[in-house]
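Geometric and topological summary
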Amino acid sequence: FITAPLPPKETLAALALLWAVLHKLAKNRDFSWRTSIHVHVNMRDLEESELKRFLILTEVFEGFFFDLVGDHRRNSIFCVPLSETELLRQIKAYIHKKIGLADLVGSWPKYSALNLSRMFNQGGAPAIGTAEFRHLGGTENLDLISVWISLILKLYESAVKMNDDELKHWLKDLNTSSEYLAFMLQVFGAELTHHFHI
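Residues numbered from 1 in each chain as written. Predicted model: local features only at pLDDT ≥ 70, side-chain atom pairs only at ≥ 80, totals over all residues. Heavy atoms only, no water.

1. Details of a nonpolar patch on the surface
Nonpolar side chains collect at one region of the surface, where Leu 17, Val 21 and Leu 25 lie side by side and expose about 330 Å² of accessible area between them. Of note, Val 21 is situated in helix 1 (residues 8-25). Classification of Val 21 as partly exposed rests on a relative accessible area of 41%. (Patch = residues over 30% accessible without salt bridge, like charges linked within 9 Å, V, L, I, M, F, W, Y side chains within 5 Å. Areas by Shrake-Rupley, 256 points an atom, 1.4 Å probe, with all protein chains shown as cover. Salt bridge = Lys/Arg side-chain N within 4 Å of Asp/Glu carboxyl O. Helix = DSSP H or I, 4+ residues; strand = E, 2+ residues; numbered from the N terminus. Buried < 20%, exposed > 50% of the residue type's maximum accessible area, 1.4 Å probe, protein only.)

2. Here we look at the pattern of salt bridges
Scanning the model with the defined rule gives five salt bridges in all. In this structure, the salt-bridge partner of Asp 67 is Arg 74, at a minimum N-O distance of 2.7 Å. The class for Arg 74 is partly exposed, based on a relative accessible area of 23%. Across the salt bridge formed by Glu 132 and Arg 134, the nearest N and O atoms sit 3.3 Å from each other. According to the relative accessible area criterion, Arg 134 is buried, its value standing at 4%. One salt-bridge network, held together by shared partners, links Asp 67, Asp 71 and Arg 74.

In structure tokens, the structure reads:
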């Protein structure tokens, strides 16, 4: 099932409607290990510096994302962590201006946890200008889906709001200051912390 592009506020209502229809069609729904919920985020309005911060933040919090969704997704061939691919080297080259965005996206594998391959036309698939988050497995838990979408949006918003110096300051000091929780709160906001017993 694919939705039309929706504002975040309308996403959960659309999912609730989908679950209601599925419940009428099939009483015993099976969200097998092959099912997943993909969230696409419009990237067309980002400046290049914002996109770079978005990629950095996505990698910083990749472990947290997988802790949230579970090991069955971390170990899925349909959702390969960036840290287990050559993409980290490619992203670093892009951030340091050794390759361009088209080169980065052109080599992006579809089945990575974060998929940028739909930003440009590639392999016969038309460009839709999005970053696709493939982490979350199939579920009808609307609370979990709501938290997941909120985390993605907060990460995106932080990439836009932070400047390069602020992000560098956080990342440079994290290993010595151990301010991991403070950085998480900076990115995702205090209102999400009650979901994680923090």
